[in-house]
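Structural characterization, general
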Amino acid sequence: MPTNFTVVPVGDGRKSSQEDSDDSNVLREEDEEAPGDGNPKESSPFINNTDNDKGTLYDGKNMALFEEEMDSNPMVSSLLSKLANYTNLTQGVREHEEADEEEGAKKKTVKSPQMGTFIGVYLPCLQNILGVILFLRMTWIVGTAGILEAFIIVAMCCSCTMLTAISMSAIATNGVVPAGGSYYMISRSLGPEFGGAVGLCFYLGTTFAGAMYILGTIEILLTYIVPSAAIFKAEDKADEAEAMLNNMRVYGTCCLTLMALVVFVGVKYVNKLALVFLACVVLSILAIYAGVIKTIFEPPDFPVCLLGNRTLKNHGFDKCLKIDTIDNVTVTTKLWSLFCQSSDLNSTCDEYFNLNNVTEVQGIPGLTSGVISENMWSSYGPSAMLVEKNMASVAASDPTIDLNLPYVVNDIATFFTLLVGIYFPSVTGIMAGSNRSGDLRDAQRSIPIGTILAIATTTTIYLSCVVLFGACIEGVVLRDKFGDSVKGNLVIGTLSWPSPWVIVIGSFFSCCGAGLQSLTGAPRLLQAIARDGIVPFLEVFGHGKANGEPTWALLLTAMICETGILIASLDAVAPILSMFFLMCYLFVNLACALQTLLRTPNWRPRFKYYHWALSFLGMSLCLALMFISSWYYALVAMLIASCIYKYIEYRGAEKEWGDGIRGLSLNAARYALIRLEEAPPHTKNWRPQLLVLLNLDSELRVKHPRLLNFTTQLKAGKGLTIVGSVLEGTYLAKETEAKKAEQNIKTAMSAEKTKGFCHVVVSSNLRDGISHLIQSAGLGGMKHNTVLMAWPGTWKQSNDPLSWKNFIETVRETTAAHQALLVAKNVDNFPQQERLGEGTIDVWWIVHDGGMLMLLPFLLRQHKVWRKCKMRIFTVAQMDDNSIQMKKDLQMFLYHLRLDAEVEVVEMHDSDISAFTYEKTLVMEQRSQMLKQMQLSRTEREREIQSITDESRSSIRRKNQTGAQCSGVSNQCAPLEDEKDNEAQLIHDKNTASHAALNDKADATPERVHMTWTKEKLFTERNRNREPNASMGVRDLFNMKPNQSNVRRMHTAVKLNEVVVNKSQGAQLVLLNMPGPPKSQGGDENYMEFLEVLLEGLNRVLLVRGGGREVITIYS
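Summary of the structure given here. For every chain, the first residue of the written sequence is number 1, and numbering continues from 1 onward in sequence order. Local features in a predicted model are, by the rule used here, given only for residues with pLDDT of at least 70; side-chain atom pairs are given and counted only at 80 or more, and totals for whole chains, interfaces and linings are based on all residues. Excluded from the side-chain calculation are hydrogens and water; included are all heavy atoms of the structure.

Considerations on the overall build of the protein
Under the scheme used here, helices are H or I runs from DSSP no shorter than 4 residues and strands are E runs no shorter than 2 residues, and both carry numbers assigned from the N terminus. Within the protein, the secondary structure is distributed over 33 helices and 15 strands. Contacts are assigned to residue pairs with any non-hydrogen atoms lying within 4.5 Å of each other. A sequence separation of at least 24 residues applies to 81% of the contacts in the protein between residues at least 6 apart. For the accessible areas, the method is Shrake-Rupley and the probe is 1.4 Å, while residue cover comes only from the protein chains on display. As presented, the protein carries roughly 55,000 Å² of accessible surface, and 55% of it is formed by carbon and sulfur atoms.

Quick look at the sheet that holds strand 2 (residues 310–311)
Spatially, 2-1-5 is the arrangement adopted by the 3 strands of the open sheet, whose pairing is antiparallel. Of all the strands in the sheet, just strand 2 and strand 5 (358–362) have a single pairing partner and so form its edges. Strand pairing follows a simple DSSP-based rule, namely that at least 2 bridges must link the two strands. Pairing between strand 1 (residues 303–307) and strand 2: 2 bridges, direction antiparallel. If you follow Leu307 over to strand 2, its bridge partner there is Arg310.

Details of a positive patch on the surface
Patch membership requires more than 30% relative accessible area and the absence of a salt bridge. Residues of like charge join within 9 Å; the nonpolar side chains Val, Leu, Ile, Met, Phe, Trp and Tyr join within 5 Å. Between Lys or Arg on one side and Asp or Glu on the other, a salt bridge is scored when a side-chain nitrogen of the former is within 4 Å of a carboxyl oxygen of the latter. We count Lys and Arg on the positive side and Asp and Glu on the negative side, and we leave His and both chain ends out. A charge is said to be at NZ when it belongs to Lys, at CZ for Arg, at CG for Asp and at CD for Glu. A cluster of like positive charges, contributed by Lys753, Arg835, Lys864, Arg867 and Lys868, occupies part of the molecular surface. Along the chain, Lys868 turns up in the loop between helix 25 (852–860) and strand 12 (870–877).

With respect to the pattern of salt bridges
All chains considered together, the criterion is met by 19 salt bridges. Ionic pairing is found between Glu374 and Lys389, a salt bridge with its closest N-O pair at 3.2 Å. Separated by 15 residues along the polypeptide, Glu374 in the loop between strand 5 and helix 10 (416–423) and Lys389 in the loop between strand 5 and helix 10 bring together distant segments of the chain. Looking at Glu374, the relative accessible area reads 49%, which means it is partly exposed. With a 1.4 Å probe rolled over the protein chains alone, any residue whose accessible area is under 20% of its type maximum counts as buried; one over 50% counts as exposed, and the rest are partly exposed. Exposure remark for Lys389: the relative accessible area of 14% places this residue in the buried category. Taking the shortest distance from any N to any O, the salt bridge between Lys825 and Glu1092 comes out at 4.0 Å. Taken together, the residues Lys825 in strand 10 (residues 820–825) and Glu1092 in helix 33 (residues 1084–1094) connect sequence positions 267 residues apart. If you follow the salt bridges from partner to partner, you end up with Arg137, Glu219, Asp411, Lys481 and Asp571 in one network.

Structural notes on the nonpolar core
Residues Met212, Tyr423, Phe424, Tyr462, Phe469, Ile473 and Phe587 are the most contacted members of the largest nonpolar core, which totals 163 residues. Among the elements that line this core, the one with the most residues is helix 5 (residues 181–225), at 23 residues. Sequence-distant contacts of Phe469, defined by excluding residues within four places in its chain, comprise Met138, Thr139, Val142, Ile288, Leu478, Ile492 and Leu495. Ranked by size, the runner-up nonpolar core spans 55 residues in total, among them Leu696, Val843, Met854 and Val865. Only buried residues count toward a nonpolar core, which is a set of Ala, Val, Leu, Ile, Met, Phe, Trp, Tyr and Cys residues joined through side-chain atoms within 4.5 Å.

Section: the environment of Ser763
By secondary structure assignment, the location of Ser763 is in strand 8 (residues 757–763). Sequence spacing of Ser763 and Leu727 is 36 residues, and the spatial spacing of their C-alpha atoms is 6.2 Å. Setting aside residues up to four positions removed in sequence, Ser763 forms contacts with Val726, Leu727, Glu728, Gly729, Asp768, Gly769 and His772.

Examining the sheet that holds strand 7 (residues 721–728)
Pairing is mixed in the open sheet, where 10 strands are placed in the order 8-7-6-9-10-15-14-11-12-13. In the strand order of this sheet, the two ends are held by strand 8 and strand 13 (902–907), each with one partner. Between one strand and the next, the sheet's axes are offset by a mean angle of 20 degrees, whatever the strand orientation. Sheet topology note: the strand 12/strand 13 ladder contains 6 bridges and is parallel. The partner of Ile873 across the bridge, within strand 13, is Val903. Helix axes are fitted to C-alpha atoms over the stretch in contact, other axes to C-alpha atoms as well, and angles between N-to-C directions run from 0 to 180 degrees.

Topic: a nonpolar patch on the surface
A contiguous nonpolar patch, built from Leu623, Phe627, Trp631, Tyr632 and Leu635 and spanning about 520 Å² of accessible area, is present on the exposed surface. The element best represented in the nonpolar patch is helix 19 (residues 631–651), accounting for 3 residues. Tracing the sequence through the fold places Trp631 in helix 19. Assessed through its relative accessible area of 53%, Trp631 is described here as exposed.

Points about the pairing of strand 1
In terms of residue burial, strand 1 counts as a mostly covered element, since 4 of its 5 residues are buried. Inspection of the sheet shows strand 1 paired to strand 5 by 5 bridges, in the antiparallel sense. By the bridge assignment, Val304 is partnered in strand 5 with Val361. In sequence, strand 1 turns back onto strand 2 through a hairpin of 2 residues, with Gly308 there showing a positive phi of about 70 degrees.

Re the state of the cysteines
Throughout this description, disulfide means a covalent bond between two cysteine sulfur atoms. Two cysteine sulfurs form a disulfide in these notes if their separation is within 2.5 Å. Evaluation of the coordinates by the stated rule reveals 2 disulfides. Across a sulfur-sulfur distance of 1.9 Å, Cys305 and Cys320 are joined as a disulfide pair. Taking the sign of the S-S torsion, about 80 degrees here, the bridge from Cys305 to Cys320 comes out right-handed. One end of the pair, Cys305, is in strand 1; the other, Cys320, is in the loop between strand 2 and strand 3 (323–326), and 15 residues separate them in sequence. Neither Cys305 nor Cys320 differs from the other in exposure class; each is buried. One disulfide in the model links Cys340 with Cys349; its S-S distance is 1.7 Å. Taking the sign of the torsion about the S-S bond as the criterion, the disulfide between Cys340 and Cys349, at about 105 degrees, is right-handed. By the burial criterion, Cys340 is buried, and Cys349 matches it. Here the disulfide map of the protein reads 1-2, 3-4, the bonded cysteines being numbered as they appear in the sequence. There is no disulfide at Cys158, and the cysteine sulfur nearest it, in Cys157, is 6.8 Å away.

Concerning the pairing of strand 11 (residues 840–845)
The buried fraction of strand 11 is high, at 6 of 6 residues. The side-chain alternation of strand 11 yields two buried faces, one formed by Thr840, Asp842 and Trp844 and the other by Ile841, Val843 and Trp845. With 6 bridges connecting them, strand 11 and strand 12 associate as parallel partners. When the bridges of strand 12 are listed, Val843 appears paired with Ile873.

Remarks on the packing of aromatic side chains
Pairing of aromatic rings covers Phe, Tyr and Trp, the last through its six-membered ring, and needs centres within 6.5 Å; plane angles under 30 degrees mean stacked, over 60 mean edge-to-face, and all others mean tilted. Inspection of every chain in the model, using the stated rule, returns 20 aromatic pairs. Each ring, one from Phe537 and one from Tyr647, has its centre 5.2 Å from the other, and the planes form 65 degrees; the classification is edge-to-face. Here Tyr647 lies in helix 19 and Phe537 lies in the loop between helix 15 (500–532) and helix 16 (551–567), a separation of 110 residues in the sequence. On the accessibility criterion, Phe537 (51% relative accessible area) is exposed. You can call Tyr647 partly exposed: its relative accessible area is 25%. Taken together, a centroid distance of 5.9 Å and an interplanar angle of 85 degrees make the contact between Trp612 and Phe616 edge-to-face. Of the two residues, Trp612 and Phe616 are both situated in helix 18 (residues 612–629); the distance of 4 residues between them amounts to about one turn of the helix. Taken together, the ring pairs in this structure connect Phe202, Phe424, Phe581 and Tyr585 into an aromatic cluster. Only Lys NZ and Arg CZ are tested; either one counts as a charge over a ring when it is within 6 Å of the ring centre and within 35 degrees of the ring normal. Geometry around Tyr352 places Arg310 over its ring, the cationic atom sitting 3.6 Å from the centre. The ring of Trp140 is capped by Lys481, whose NZ or CZ atom sits 4.2 Å from the centre of that ring.

Structure, rendered in structure tokens:
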């Protein structure tokens, strides 16, 4: 039921906003942001309302509530006025949703289109469908295939175009279709890749159609109008076919040049002649039907001469007699001289000529003659097969046929599939109406009605012609392609009334007109594709003359058309263009079926008589006809379309046209995500789905782009990659920075060839932002299972102690979320694109965490950078372990895992804890305690720490001098390191854990403290400013002993580091189990020290922490 609108006027004595002449274009896709500080300009009638404010859409106080949004959301009245003035653009220019690139260019006012259904759609379709094949090949197809099979061929082809027309009508009525017709519909329904591929196929089909029409024109000219105009003449009958092809090439090239010049001079001349060409087609069809009716009462006299059952060419003789009696004297005829060596009665003649009599039959026996029963069945055969009537004859002893004898023979081998390919071009042309959509008064009503009526009319004509030709014309005449048996007349012309010349002249001008229209339409189609910018190498063909005529496109079209003319055979060119048209029709049906099944919200065609099953049937029929016609041409056409598709996908411009393929992708993605949600992936399908945490610098650029490159090497384009980053602040304040950061990350991803998604989060602090990413990145079953990040290399020197705290909290959260963690140390030293010639990937398997350490080197070696590196696996044996058995077991385990790697078991015996380890632990704990206990101001804190450091050094020196043994260790102590190596580099900033000095935020970046205080001065200053309990905590630092647990951890880190450096210092990459952080947060800073010691002296390290599940299996 119709929708009713009620317009309620709101009066304020002012002009309505639709009268504003300078308002923005509401049809454009994107609005440029207005310069300024973001504050809306005051446009009230009460405040500074001058003439300078005309640029805004707000005018009046009734809509003041919406005035700030008027720039992006115009008034409804303004929108409706824009839509009312909208006109379709001319063919070959940009679509309405794309902005003009010419600055300041004003579109000229286009006169409102006035064409109706009959003139604008029906007649153009009729003219394009009825053409050269009907006049030159229809009778031959009926005679060769028989009435039944010819009826099937016509019915299949017409059903294909009717189903395509139904699908096309649904697409054409689903919104405004600018000029460009079929290309516009396919590209906007299936996307730029399919649109470009099918658009170019349609262009090639139209171009080859032009070649076919020109070849048809020349065939009519040289065969039926002026045969004497042939330049190449065959001396021997065997060379006649080659001579004819050469004539076609010469005359075809001349005709193409002439037609291209006409099109170049101006299309208006072609349009003026269109009605003349249409009249020729209509008159020719009427002449055929009139001739059929006349055969009922008075069949035309076209005798056909038969020798035995063989058809003779009626060229070199005038009487169908062997001998004739003139004045009671028996004389030989011209026919005798063709078969005998001389005109004497006793001369030697051809054996078959001697054995059989000459008979004469009527070529057009008439509708009531009953010849229909003889023409019902097919008569296929090889090339040079004789055209014979089904009657008795005496066979010669020598079956060899002399080609110089005047027999009618097949010029090519005939079979059913060949006839399908030759006939199909006669049903093309159904897009003529949609191509003129810009000139139609109501395209959404005219295109479906006009196209379907035209197809129904032409289908009726074709099917009736099949039956009528078979019922009126003798079979041998039907199979005579060039009319040699009827004195060189056009076979269909012999049936027409009042004269065969009506058909000859009509078909000649019809072919001329169709060729001109093909040369007119094809360049504009190419220009439309070029101006869309989806195929970069075609952009030059988007330019033309000042009036928009596609000059360069016309030149390319003429060159391609010339290749078709050089083929020179109408029967060889027809299957080629059949492929391209069938592919175009296939994708029209696919577009309609896809849109219908996806039920996209914008799919609301006014044409209701469509169904996805009809579209699928049409698509299947197109595909079947392609392979029926010529399977090798079909494969070539598909290969061309596939190459264009992949080229556009790889190099073409990205376009978002709301196409069906994108909708299909969304539906497929939704279905896949729901399926993935049902159960977690099996171990055999597990692969690292990465969340890459990036750090950005002050200019929002990626700090470590090599991390992205390492991601590409690890993933090799497979699986999920989410690249995330966090900005501090609020989203409203940081929206612009977030978009800029996302764009910078995408640029870096493109440069490093990382395929994945980008996600920038704005949060009040980095800690919460990273937590949000770990928890919520991904969707459904497509969530990350592994987090990749860079080692915070400057955590000691950082002016923000939260940097290492955030790192440790990230480790804890990935563990809690059962996600694996990869930490790359010295990531800027990782290889980029250069292939590593030799080297090893060393895996230090300390603890089993699901097999991540085994899987990662295998994945890395799939990439060309790491392909030549060998894999080595080291594991650590304790005192009570059997290292030999461990090595055998590990080798067997790797064998079952199908991994090639060298295995080595490293024995780590219990050893004494060295003085270096003890002192390093002591300094670490002192540093930790200082930062926790001291609540001084920034300057005081630095002085306090330096004093404590000096005191610690003095204590160490005293221990060395007295030879005191290390506390908590056995008798032997290793020599202490240099003072330079052992001194604690205590560097602090305004944001320590105490959070006490908030009033010092404006201080500069802290530097190292080099001043030394005496112990007395320290205590005096401290007691003056601080509470006594604080001084007690600081005093205890001089007497503290390291925690035994920390000493053991530091010992493990030192010893393990020694072993790893000894074995793997020259490795290209070292993979190492990452120990977990302490459960209590009290020793977080100690944890960072342990890791730093563990990794010291190694170049490229990847710390690996499993997610708590097995990721590799020995089972198939």
